[in-house]
Amino acid sequence: MEKLLWFLFCINLDAKYNWIMLKIKCFVFNPISVNTFVIYNESMNCIIIDAGNSNIKEDKILFDFIDENNLKPIMILNTHAHIDHILGNYSVVNKYNIPLASHPDGMEYFRTAYAYAGAFGMNYNDENTVYPSIDLYDHQIINIGNDTLEVIHTPGHAKGCCCFYNKEQNLIITGDTLFCRGVGRTDLPGGSYKELFESIKNKLYKLPNETVCLCGHGPETTIGDEKRCNYDIPE
């Protein structure tokens with residue numbers, strides 16, 4: 001039921017953002033309920049952020065949306081490389097032959113993906129691990145037709161965490177760095193509360209209050225709401 005409710009919520013995202021340059025479709029995938037985003041525009045190029053699809057049924061849901069809307073995938077972006085955010089990389093790359101981009105500081109998570117999968121009770125074939133062919137870095141610009149996403153490096157939840165910001169539309173994909181009324185956990189290998197605190201305070205909270213945050217799990221929020229009401233790191 002919870003997964004269905006999040007799925008219904010996410011269906012409405014593309015209706016809400018349909019009038020602006022970038023269009024967004026959100027899917028909730030795998031047992032840990034990762035938000036997978038397909039971002040596209042009038043060019044019909046699209047970028048997939050955090051491909052969390054973990055089985056044939058979820059693959060079909062994602063691929064049907066892309067193919068039925070005549071979209072052309074050009075890249076996968078990972079906000080970070082924890083197992084729940086990379087489960088679908090292999091199937092997407094295998095179908096569309098596109099590159100994967102991730103921050104190099106998180107490379108160790110790709111190398112140990114099978115171990116994390118086992119810890120969370122997930123079936124995962126280590127031979128299916130896709131390694132990034134494009135390195136992300138702070139302030140890098142990712143182009144989608146005439147629109148852009150700026151990479152903001154936000155370590156803390158994990159090594160190599162990144163957010164993707166579109167200034168023109170006051171929109172940011174926060175991954176597991178910042179949630180609605182919460183923040184990413186820091187007790188897993190590579191996590192650091194100090195770094196997370198600095199990433200949120202010195203980077204995300206410097207963005208305009210009206211910036212909409214599309215998070216790695218759960219509902220959307222805004223920078224202003226989290227500065228006022230976040231339970232873990234308020235302003």
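Note that the structure is predicted; figures quoted are calculated from it, not measured. (Residues numbered from 1 in each chain as written. Predicted model: local features only at pLDDT ≥ 70, side-chain atom pairs only at ≥ 80, totals over all residues. Heavy atoms only, no water.)

### Details of the overall build of the protein
And then number 1: Along its length, the protein carries eight helices and 14 strands.
And then number 2: Computed over C-alpha atoms, the radius of gyration of the protein comes to 16 Å, within 12% of the 18 Å expected from 2.2 N^0.38 for 235 residues, which places it in the range of a compact globule.
And then number 3: For the protein, the C-alpha atoms occupy an extent of roughly 45 × 40 × 40 Å along the three principal directions.
And then number 4: Here the protein holds 235 residues, and the buried ones make up 55% of them.
And then number 5: Partitioning the contacts of the protein with sequence separation of at least 6, the portion at a separation of at least 24 is 62%.
And then number 6: For the protein, the exposed area adds up to about 10400 Å²; of that, 52% sits on carbon and sulfur atoms.
And then number 7: Counting 19 positive and 29 negative side-chain charges, the protein places the centres of these two groups 3 Å from one another. (Helix = DSSP H or I, 4+ residues; strand = E, 2+ residues; numbered from the N terminus. Rg over C-alpha atoms; globule rule 2.2 N^0.38 Å. Buried < 20%, exposed > 50% of the residue type's maximum accessible area, 1.4 Å probe, protein only. Contact = heavy atoms within 4.5 Å. Areas by Shrake-Rupley, 256 points an atom, 1.4 Å probe, with all protein chains shown as cover. Lys, Arg positive; Asp, Glu negative; His and termini not counted. Charge placed at Lys NZ, Arg CZ, Asp CG, Glu CD.)

### Quick look at the sheet that holds strand 3 (residues 45-49)
And then number 1: The sheet built from six strands is open, its strands ordered 1-2-3-4-5-6 with mixed pairing. With one partner strand each, in any of the chains shown, strand 1 (23-29) and strand 6 (134-135) form the two edges of the open sheet.
And then number 2: Two elements, strand 1 and strand 2 (residues 34-40), share seven bridges in a ladder whose sense is antiparallel. Within strand 2, the position partnered with Cys-26 by the bridge is Phe-37. (Pairing = 2+ DSSP bridges.)

### Notes on the pairing of strand 13 (residues 212-215)
And then number 1: Residue alternation in strand 13 divides its side chains into two sets, Val-212 and Leu-214 and Cys-213 and Cys-215, and both sets are buried.
And then number 2: In terms of strand pairing, strand 10 (residues 171-175) meets strand 13 through four bridges, oriented parallel. Looking across to strand 13, one finds that Leu-171 is bridged to Val-212.
And then number 3: As paired strands, strand 13 and strand 14 (residues 221-222) are joined by two bridges and run antiparallel to one another. Looking at the pairing, Val-212 lines up with Thr-222 of strand 14.
And then number 4: As consecutive antiparallel partners, strand 13 and strand 14 are separated by five residues, and within that stretch Gly-218 has a phi angle of approximately 80°, a positive value.

### Considerations on the confidence of the model for the protein
And then number 1: Looking at the protein, pLDDT values average 91 and 91% of them are 70 or higher.
And then number 2: Here residues 1-12 scores under 50 on pLDDT; set against residues more than four positions off or in separate chains, the count is 15 contacts.
And then number 3: This stretch, residues 14-19, has a pLDDT under 50; its non-local contacts, to residues over four places away or in other chains, come to 11 contacts. (pLDDT = per-residue confidence, 0-100.)

### Considering the sheet that holds strand 13
And then number 1: With mixed pairing, six strands are arranged side by side in an open sheet as 7-8-9-10-13-14. Only two strands of the sheet have a single neighbouring strand rather than two, namely strand 7 (141-144) and strand 14.

### Description of the layout of surface pockets
And then number 1: Here the largest pocket is characterised by a volume of approximately 300 Å³.
And then number 2: Along the wall of the largest pocket there are 17 residues; nearest its centre are Ser-54, Leu-87, Asn-123, Tyr-124 and Asn-128.
And then number 3: For the lining of the largest pocket, the element with the highest residue contribution is helix 4 (residues 89-96), accounting for three residues.
And then number 4: Taken as a whole, the second largest pocket spans an internal volume of roughly 210 Å³.
And then number 5: Lining the second largest pocket are 13 residues, with Asp-84, His-157, Asp-176, Arg-185 and Leu-188 sitting closest to its centre.
And then number 6: Broken down by class, the residue content of the lining of the second largest pocket amounts to six nonpolar, four polar and three charged. (1 Å grid on protein atoms, 1.4 Å probe; cavity = no way out; pocket = protein on both sides within 12 Å on 5 of 7 lines; lining within 4 Å. Points joined across faces, edges and corners; volume = space filled by probe spheres on them. Nonpolar A, V, L, I, M, F, W, Y, C, P; charged D, E, K, R; others polar.)

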